[in-house]
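Residue-level listing of the chains:
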Amino acid sequence: MSTGGAFSRWAARGFGPALLPIIPPNVALTVSSKVPPSQRGKVPGLRTGRGEWHGYIGRHGKQATSADHATWDAMGAGVGIQCGRWIAVDIDVLDERTAALLAALAVEMLGSGAVRIGRAPKRVLLYAAASGEAIAKRRFAFRLPGDDTPHAVEILGEGQFFVCEGVHPGTGRPYAWPEGQPLAFDLVEVTAEQIDAYLAAVAVAVGELGGEVVQRATAAVGTGRHEVDQAGLRAPSAELLLEAAPHVPNTGGYDDWIAGIAAWKGAATGLLEDDGETLAREWTERWTGEGAGGGGHIDFDDKWARVLPPFAAGWPQLERMARAAGWYGGVQAEFAPIVAQMREQAEAAARTGRFGRLQLRTAADAADAPPRRYIVKPLLGEGELSVWWGAPKTGKSFLALRIAWCIALGRDDLWDFRVKRPRRVLYVAAEGESGFRGRIGALTRELGSPGDRLRYLAQPVTIGPPGEDLQDLTTAALAMGAELIVVDTLARTFGAGDENTAQDMGRFVANLDRLRAETGAHVLVIHHGRKDGGDLRGSGALAGAADLVVKVEKGTTRAEPSTATIEAAKDDADGRALAFRLRSIDRSGGGRRRQRDLDLHRGTFGGASVRDNEGSEDCRGGAGRSR
């Protein structure tokens, strides 16, 4: 993992907690992402393990950590800075003379701010908020003589952000800091009073240039909007707002249109870099009501610029309109996740020709398709799901840990399967650390240590609904670059649901799918069977979703080996029984403490014979593998 990337550099310059990952321009978005392509390079987002991007839910107020920085550096994200402690004066002016004048005015009245250039002559001057100052966003918009282009000076404060490093989506060139990237503690501090005085001076300068003011920085008074909870008008997340946007109808009259664009700004301010202007413009283009088309009296830029805080409308109005039109996204109703999954599957089928496990392909598709990639060939595929199950006390966890250990070491010793190189493994030992610690000691003594290539969590982890630990688990896996994630066991990670119902099991599987999609790792789940050993415990939805299902059974006699039988394999042969033996080994050197371990039968495991203490059975001999 890189320790010297863009996020690390900006953190070293004092901006660490305020950093955000920005979706780069022109990257692929996930099938389920609601981020419009036009917003790439402008909004926060995260990259999945498959290289696709989606919006960053819950980023508002995020305090980034060094682990976040390392993860985002590895993703190749652009770098954003949350405002509030840092204040950005955004001179959104394309006229070179005017932009230079307003920048000089800022230096004169506020001090020398650090300058960032994206699309010149536009620029951002960066300052710090003085101690105790809470500076909200302000905006001053205007037009110049003979130019219908709207220009603006924006003060980005509490709830806003700006891009400090990455590629500008309009120019295709990197953002530049002509005087060098700033140090946080070197930034000039400003107050709200200074900001207001600067914007008043901007208004005078624009007037002297013969310009027309279309928005003033001070909010209107006497409208009753000050009594509206402004935080309650903002959408819960940018992702949810972007998802709802296409479903908000625009079929009313002129007054409804005016109220609608105000609601878009109230809902998006602080969540999207352009405060929802793109969404409001697209919504306007869908207008089919009385007055649609403008007729010469509709000026979107003018009306948008005149919408000032505090707002009277926002997310509640947009959500109500979208739901009345049939949108159910974001609802935590009983069947919403299943319906959402069905919708995504239907959309994917329409685009790709995939119907469940059936994929319609042409001969050309077959020739161009990338080969399937394995962690253990031909057993565990990259980014896939496998389920290893059996009755209690059959050695499931011993077997899974031994497999994980060999993968972390890169040992080509798993029966006759191939492990081409060492991989990073995250083992979720949700049943506790006491016994697990002993197994680690035994494996280290016999096979050697995999170092930091194998890391584990020895505590309860909730992956099933409500999935309270799913995001943290995903972040941990991404941070360490895990290519195999072992979940030991399903019961200890399932959560409060009922594993016997297809609905709750389907939600658990959906969260496993999300974990696989965002990390690109193979997820190996250990699950209990019924006590009689006849079948998996709980709903069959889990086995139906798995790429590989393996049944673990204990030998019926002391001489007979245990087996792991491949019951179902997505693209490989099934029906094969892989033999292994459980044994006890001395891990103290004094004959007092003993730990169970196992051998995988293809002769000996690891090429070394380990003798047990007197009175225990050495299980390296005996039956070989069976098919």
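First, a word on what this report is: a plain description of the structure on this page. If you're wondering where the values come from, they're calculated on a predicted model, not measured in any experiment. (Residues numbered from 1 in each chain as written. Predicted model: local features only at pLDDT ≥ 70, side-chain atom pairs only at ≥ 80, totals over all residues. Heavy atoms only, no water.)

1. Let's talk about the overall build of the protein chain
Part 1: Helix and strand content of the protein chain: 18 helices and 25 strands.
Part 2: When the 627 residues of the protein chain are sorted by exposure, 50% land in the buried category.
Part 3: Here the contacts in the protein chain between residues at least 6 apart in sequence split such that 70% fall between residues at least 24 apart.
Part 4: In the structure as shown, the protein chain presents an accessible area of about 27,800 Å², 50% of it carried by carbon and sulfur atoms. (Helix = DSSP H or I, 4+ residues; strand = E, 2+ residues; numbered from the N terminus. Buried < 20%, exposed > 50% of the residue type's maximum accessible area, 1.4 Å probe, protein only. Contact = heavy atoms within 4.5 Å. Areas by Shrake-Rupley, 256 points an atom, 1.4 Å probe, with all protein chains shown as cover.)

2. Examining the nonpolar core
Part 1: One finds Phe15, Ile81, Trp86, Leu126, Phe162, Leu241 and Trp264 to be the most contacted residues of the largest nonpolar core, which totals 64 residues.
Part 2: Tallying contributions element by element places helix α7 (residues 254–268) first for this core, with 6 residues.
Part 3: Apart from residues no more than four positions distant in its own chain, Ile81 is found in contact with Trp10, Phe15, Ala18, Leu19, Trp86, Gln160, Phe161, Phe162 and Cys164.
Part 4: Trp405, Leu414, Val425 and Leu484 belong to the second largest nonpolar core, which has 41 residues in total. (Core = buried A, V, L, I, M, F, W, Y, C linked by side-chain atoms within 4.5 Å.)

3. A look at the pairing of strand β10 (residues 161–165)
Part 1: A large share of β10 lies buried, amounting to 5 of its 5 residues.
Part 2: Of the pairings in the sheet, the one linking strand β4 (residues 78–82) to β10 comprises 4 bridges and is antiparallel in character. Residue Val79 lies in a different strand from β10, and its bridge partner there is Glu165. (Pairing = 2+ DSSP bridges.)

4. Notes on the sheet that holds β10
Part 1: Strand order in the open sheet formed by 3 strands is β1-β4-β10, with antiparallel pairing between adjacent strands. In the strand order of this sheet, the two ends are held by β1 (19–22) and β10, each with one partner. For this sheet, the mean inter-axis angle between neighbouring strands, taken without regard to orientation, is 40°.
Part 2: Here 4 bridges tie β1 to β4, and the two strands are oriented antiparallel to one another. Residue pairing in the sheet places Leu20 in a bridge with Gly80 of β4. (Axes fitted to C-alpha atoms, helices over the stretch in contact; angles between N-to-C directions.)

5. Things to note about the packing of helix α13 (residues 396–409) against helix α14 (residues 434–447)
Part 1: For the pair α13 and α14, the least separation of the axes is 11 Å and the interaxial angle reads 45°. One finds that α13 runs oblique with respect to α14. Relative to α14, α13 is oriented so that their crossing is right-handed. Contact residues: Ser397, Phe398, Leu401, Arg402, Trp405 and Leu409 in α13; Phe436, Arg439, Ile440, Leu443, Thr444, Glu446 and Leu447 in α14. (Parallel < 35°, antiparallel > 145°, perpendicular 65-115°, else oblique. Left-handed = near helix turned anticlockwise from the far one by under 90°.)

6. Details of the environment of Tyr427
Part 1: Tracing the backbone shows Tyr427 in strand β18 (residues 425–429).
Part 2: Residue Tyr427 is classed as buried on the basis of its relative accessible area, which comes to 0%.
Part 3: Distance in space between the C-alpha atoms of Tyr427 and Ala400 is 9.5 Å, their sequence separation being 27 residues.

7. Digging into unusual backbone geometry
With glycine set apart, most residues show a phi of negative sign, and most peptide bonds adopt trans.
Part 1: Looking along the chain, the bond that leaves Lys377 and enters Pro378 is cis, with omega of -5°.
Part 2: Tracing the backbone shows Pro378 in the loop between β15 (374–376) and β16 (380–381).
Part 3: Put simply, Pro465 and Pro466 share a cis peptide bond, and its omega is 10°.
Part 4: Here Pro466 lies in the loop between β19 (454–457) and α15 (470–480).

8. Focus on the pattern of salt bridges
Part 1: Overall, the coordinates contain 27 salt bridges when judged by the stated rule.
Part 2: Among the salt bridges present, the one from Arg455 reaches Asp452, with a minimum N-O distance of 3.8 Å.
Part 3: Judged by its relative accessible area of 43%, Arg455 falls in the partly exposed class.
Part 4: With a relative accessible area of 42%, Asp452 lands in the partly exposed category.
Part 5: Arg507 is paired through a salt bridge with Asp504; the nearest N and O atoms lie 3.6 Å apart. Here Arg507 pairs with Asp504, and both are found in helix α17 (residues 502–519), just 3 residues apart, close to one helical turn. Accessibility assignment for this pair places Arg507 and Asp504 in one class, buried.
Part 6: Residues joined in a network through salt bridges with shared partners are Arg373, Glu382, Arg421, Arg423 and Glu483. (Salt bridge = Lys/Arg side-chain N within 4 Å of Asp/Glu carboxyl O.)

9. Remarks on the environment of Pro561
Part 1: Inspection of the secondary structure puts Pro561 in the loop between β22 (548–553) and β23 (562–569).
Part 2: For the pair Pro561 and Arg581, spaced 20 residues apart in the sequence, the C-alpha separation amounts to 5.2 Å.

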